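Single-letter residue listing:
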Amino acid sequence: AQQVAARIRGAADGAVLASTTTDSVGVFSLTFANSAGPGVYVRVLSRTASPLVNIAVSDTADNLYAVTGATFNERAALSPISLTAPVVTSSGEAVGGAFHIMDLFIDGSEFVQNLSGQVPPLVTAQWEIGTGGTYYDTDLDQINVTGGSGLQTGDHDEYDDAVLLHEYGHHIAKYYSKDDSPGGVHSLDGNTQDIRLAWSEGWATFFAGAVLASPNYVDTVGGDQ
């Protein structure tokens, strides 16, 4: 993930010793003092802290996800520290999924910035394994992402790029255009919806394709496309 919040914590007491934001490729540097004894670790959170991007991804209890590195002695010679969010493992799938959601919304935000010169307003996302429903809440500026019925079962959208950017497209339409869709059930083969709903959904899918530079809309369910 890019431009995320990073913290150094003391291993002895868990105190936050310093905080910063990574650059566009995830690199960061911190200066800190640790008075509780040697031993610190790096913790990266699923939110941006940059004025150029406004994204946050949490679980359904509004807790941010985090990747935590191993404890190291800051008073010894150090090598570069690399943190990777796990992908599709029983213990770490949720962490990887959250950071992927954030990374896609960063792509969407940067796409708009390059065209308009403006930073899109904050959007929050909620996602958790075992929760259902992917949609944009216009009142809360929140994108809810389905987490299937469990690990690797049911309909998961956390790695469906087109689906995620479709929902972000609704957020962009709200602030940069006019969207008076009444909402409601819609499907790919439907041809009787309110034209305002059809326009809104078509725009959101177009936005996803524009950001991804692809005409393909992929929505996986249980491993099947």
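Higher on the page you've got the structure.
This structure is a prediction, so every number in the text was calculated from the model and none was measured.

I'm lost on the overall build of the chain in this one. Help?
Within the chain, the regular secondary structure consists of 3 helices and 8 strands. Secondary structure elements of the chain occur, N-terminal to C-terminal, as β-β-β-β-β-α-β-β-β-α-α. On the principal axes, the C-alpha backbone points of the chain span a range of 65 × 40 × 30 Å. Sorting the 225 residues of the chain into buried and exposed places 39% on the buried side. For the chain, long-range pairs separated by at least 24 residues make up 60% of all intrachain contacts whose partners lie at least 6 apart in sequence.

Would you explain the packing of helix H2 (residues 161–176) against helix H3 (residues 195–212) in this entry?
Any two packed helices are characterised by the angle at which their axes cross and by the distance between the axes. Interaxial distance between H2 and H3 falls to 7 Å at its minimum, and their mutual angle equals 120°. Considered as vectors, H2 and H3 are oriented oblique to each other. Of the two elements, H2 crosses H3, and the hand of that crossing is right-handed. Facing Asp161, Ala162, Leu165, His166, Tyr168, Gly169, His170, Ile172 and Ala173 of H2, the residues of H3 in contact are Ser200, Glu201, Trp203, Ala204, Thr205, Phe207, Ala208, Val211 and Leu212. Considering only residue class, the contact of H2 with H3 consists of 11 nonpolar, 5 polar and 2 charged.

Sorry, what's going on with the packing of aromatic side chains here?
Aromatic rings considered in pairs are described by the distance between their centres and by the relative angle of their planes. Scanning all chains against the criterion turns up 6 aromatic pairs. Residues Tyr168 and Phe207 carry aromatic rings whose centres are separated by 6.2 Å and whose planes lie at 40° to one another, so their mutual orientation is tilted. Pair noted here: Tyr168 is in helix H2 and Phe207 is in helix H3, with a separation of 39 residues, a long-range link. Here the two residues Tyr168 and Phe207 agree in accessibility, since each one is buried. The structure contains a cluster of three or more aromatic residues connected by ring pairs, namely Phe105, Phe111, Tyr168, Trp203, Phe206 and Phe207.

I would appreciate a short explanation of the nonpolar core in the present structure.
Across soluble globular proteins, nonpolar side chains have a tendency to be buried as a group. Core analysis: the largest hydrophobic core is formed by 35 residues, its most contacted members being Ile55, Ile101, Phe105 and Tyr168. Counting only elements with at least two residues in this core, the list comes to strand S1 (4–10), strand S3 (40–48), strand S4 (55–58), helix H1 (93–116), strand S6 (123–127), strand S8 (142–145), H2 and H3. Ranked by residues supplied to this core, first place goes to H1 with 9 residues. For Phe105, the contacting residues outside a window of four places in its chain are Ile55, Ala125, Ile143, Leu164 and Tyr168.

How should I be thinking about the environment of Val185 in this particular structure?
Topologically, Val185 is positioned in the loop between H2 and H3. Put simply, Val185 and Arg9 are 176 residues apart on the chain and 47 Å apart in space, counted from C-alpha to C-alpha. When neighbours within four sequence positions are excluded, Val185 is seen to be in contact with Gln193 and Leu197.

Where do I start with the layout of surface pockets in this structure?
The gaps left among the atoms become clear once a water-sized probe is rolled over them. As a volume, the largest pocket reaches approximately 780 Å³. Contributions of two or more residues to the lining of the largest pocket are made by strand S7 (135–137), H2 and H3. Gly26, Phe28, Val44, Ile81 and Leu83 are the residues nearest the centre of the second largest pocket, which is lined by 28 residues in total. Of all the secondary structure elements, the ones that give two or more residues to the lining of the second largest pocket are S1, S3 and H1. Per-element tally for the lining of the second largest pocket: the top contributor is H1, with 3 residues.

Could you clarify how one ought to interpret the side chain of Ser109 in this entry?
Note that Ser109 resides in helix H1. The residues contacting Ser109, other than those within four sequence positions of it, are Leu52, Val53, Pro120 and Tyr168.

How should I be thinking about H3 in this particular structure?
Since the α-helix advances by 3.6 residues per turn, residues separated by three or four positions end up pointing in the same direction. Its 18 residues give H3 an end-to-end C-alpha distance of 26 Å, which sits within 8% of 26 Å, the value for a rise of 1.5 Å per residue. Regarding H3, the residues found buried are Leu197, Ser200, Glu201, Ala204, Phe207, Ala208, Gly209 and Val211. Phi for Ala213, located one or two positions after H3, is positive at around 55°.

Parameters at a glance
Residues numbered from 1 in each chain as written. Predicted model: local features only at pLDDT ≥ 70, side-chain atom pairs only at ≥ 80, totals over all residues. Heavy atoms only, no water. Helix = DSSP H or I, 4+ residues; strand = E, 2+ residues; numbered from the N terminus. Buried < 20%, exposed > 50% of the residue type's maximum accessible area, 1.4 Å probe, protein only. Contact = heavy atoms within 4.5 Å. Axes fitted to C-alpha atoms, helices over the stretch in contact; angles between N-to-C directions. Parallel < 35°, antiparallel > 145°, perpendicular 65-115°, else oblique. Left-handed = near helix turned anticlockwise from the far one by under 90°. Nonpolar A, V, L, I, M, F, W, Y, C, P; charged D, E, K, R; others polar. Phe/Tyr/Trp six-rings, centres within 6.5 Å; stacked < 30°, edge-to-face > 60°. Core = buried A, V, L, I, M, F, W, Y, C linked by side-chain atoms within 4.5 Å. 1 Å grid on protein atoms, 1.4 Å probe; cavity = no way out; pocket = protein on both sides within 12 Å on 5 of 7 lines; lining within 4 Å. Points joined across faces, edges and corners; volume = space filled by probe spheres on them. Expected span 1.5 Å × (residues − 1).

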